[in-house]
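What follows is each chain in one-letter form.
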Amino acid sequence: MRIVPQKVIRTYCTAACSLQTCLSRNTFNPEKCDDYLRKLYQCCLDIQRDANAQSTACPAKPVIEHWFKTHNTETQEQQ
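In this text, all values refer to a predicted model and were calculated from it rather than measured experimentally. Position numbers for residues start from 1 in each chain and track the written sequence from start to end. Note on the predicted model: pLDDT of at least 70 is required for a residue's local features to be given, and 80 or more for side-chain atom pairs to be given and counted; whole-chain, interface and lining totals, by contrast, use all residues. Heavy atoms from the whole structure form the basis of all side-chain values; hydrogens and water molecules are not counted.

1. Description of the overall build of the chain
Secondary structure elements are defined from DSSP: runs of H or I of at least 4 residues count as helices, runs of E of at least 2 residues count as strands, and each element is numbered from the N terminus. Scanning the chain from N- to C-terminus turns up three helices and zero strands. Reading the secondary structure of the chain in the N-to-C direction produces α-α-α. Burial here depends on accessible area, computed with a 1.4 Å probe over protein chains only, as a share of the maximum for the residue type. Under 20% is buried, over 50% is exposed, and the range in between is partly exposed. When burial is assessed residue by residue, the chain has 32% of its 79 residues classed as buried. Two residues qualify as a contact provided that any one of their heavy atoms is within 4.5 Å of a heavy atom in the partner residue. Restricting to contacts in the chain with at least 6 residues of sequence separation, those with at least 24 account for 55%. Only the protein chains shown count as cover for residues, with accessible areas throughout obtained via the Shrake-Rupley method and a probe of 1.4 Å. Of the roughly 5700 Å² of accessible surface on the chain, a fraction of 52% belongs to carbon and sulfur atoms.

What follows is the structure, given as structure tokens:
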């Protein structure tokens, strides 16, 4: 397993914080935060693909891919 580059970690942290802020503001409408979740999940895929790393903060790759599929959203990897 390789070390995750700092740029990827910063991107992940930004995505996670943005999602948390959105969820706090939209307690009863979490679907309004789908764009933030998409960005976070894309970052998780980037970490798994580019750095060949795993994170306890990211769901398993099949979970992320299922989310993209059920939300009619393609990952950057699929485009």
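2. A few points about the environment of R38
Along the polypeptide, R38 turns up in helix α2 (residues 34-50). Once the C-alpha coordinates of R38 and W67 are considered, the two residues, 29 residues apart in sequence, prove to be 8.6 Å apart.

3. Some words on the pattern of salt bridges
We define a salt bridge as a side-chain nitrogen of Lys or Arg found within 4 Å of a carboxyl oxygen belonging to Asp or Glu. One pass over the structure, following the stated rule, counts two salt bridges. For K39, the salt bridge identified is with D35, shortest N-O distance 3.4 Å. Here the residue K39 and the residue D35 both occupy positions in helix α2, the gap between them amounting to four residues, near one helical turn. In this structure, a network of salt bridges that share partners links the residues D35, R38 and K39.

4. Some points on the nonpolar core
Within the largest apolar cluster, 17 residues are counted, with the highest numbers of intra-cluster contacts made by Y12, Y41, I64 and F68. For this core, the leading source of residues is α2, giving seven residues. Residues in contact with Y41, not counting those within four places in the same chain, are P59, I64, W67 and F68. To qualify as a nonpolar core, a set must consist of buried Ala, Val, Leu, Ile, Met, Phe, Trp, Tyr and Cys residues joined through side-chain atoms within 4.5 Å.

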